[in-house]
Amino acid sequence: MMIKKDDLTGTEVAELIREHLHGMTLNSPLESIHALNLEKLRQPDITFWSAWEGSELTGMGALKELDSSHGEIKSMRTSSSYLRKGVARRMLQHILGEAMKRGYKRVSLETGAMAAFDPARKLYANFGFEYCKPFADYIEDLNSVFMTKELG
């Protein structure tokens, strides 16, 4: 699998982002959806990567710079045909490696509190993320879970 920095212009990536946002609407109330659309992922403080197996898109992930020592994981998603094949694990490793190269001291994320998000929460916990209070501009929300990892 190859992970590459992506300019968000490909149709496959746009479709996976649409799928991601649609999945959020199926599992979260509208006011609790923090997933970013294509336009918001193109902001200068966000780096976006896509993962490929040959010509097939396997997943995506993004890292938002909150400040010079703190990053936020955004838009982690695996293509449905590649679920449970290690794509999310590889993408998370890639994002954490980039965060360390940037000199971040901490990486945080927001994900859903519902059962549909159990696999994501387990993955993050396996990588050493711990539950925390809301960070950045987030507020307490029964539908959201906040996690953070100190980088050494």
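Structural data are supplied above this passage.
Residues numbered from 1 in each chain as written. Predicted model: local features only at pLDDT ≥ 70, side-chain atom pairs only at ≥ 80, totals over all residues. Heavy atoms only, no water.

A. Quick look at the overall build of the chain. In terms of regular secondary structure, the chain is built from four helices and seven strands. Overall, the chain shows an N-to-C arrangement of helices and strands of β-α-α-β-β-β-α-β-α-β-β. Computed over its C-alpha atoms, the radius of gyration of the chain comes to 14 Å, within 12% of the 15 Å expected for a compact globule of 152 residues. Overall, the chain is about 40 × 35 × 30 Å in size when its C-alpha atoms are taken along their principal axes. Across the 152 residues that make up the chain, the buried fraction comes to 44%. Sequence separation of 24 or more characterises 63% of the internal contacts of the chain that already satisfy a separation of 6 or more. On the chain, roughly 8300 Å² of surface is accessible, and the fraction owed to carbon and sulfur atoms is 50%. In the chain, 20 side chains carry a positive charge and 21 a negative one; their mean positions are 5 Å apart. (Helix = DSSP H or I, 4+ residues; strand = E, 2+ residues; numbered from the N terminus. Rg over C-alpha atoms; globule rule 2.2 N^0.38 Å. Buried < 20%, exposed > 50% of the residue type's maximum accessible area, 1.4 Å probe, protein only. Contact = heavy atoms within 4.5 Å. Areas by Shrake-Rupley, 256 points an atom, 1.4 Å probe, with all protein chains shown as cover. Lys, Arg positive; Asp, Glu negative; His and termini not counted. Charge placed at Lys NZ, Arg CZ, Asp CG, Glu CD.)

B. Spatial organisation of the pattern of salt bridges. Under the criterion given, the structure shown has five salt bridges. Lys 74 is the salt-bridge partner of Glu 72, the closest N and O atoms lying 3.5 Å from each other. As far as burial versus exposure is concerned, Glu 72 and Lys 74 are alike and both buried. The residue Asp 118 makes a salt bridge to Arg 121 at a minimum N-O spacing of 2.1 Å. Here Asp 118 and its partner Arg 121 are both found in helix α4 (residues 118-126), three residues apart, which amounts to about one turn of the helix. (Salt bridge = Lys/Arg side-chain N within 4 Å of Asp/Glu carboxyl O.)

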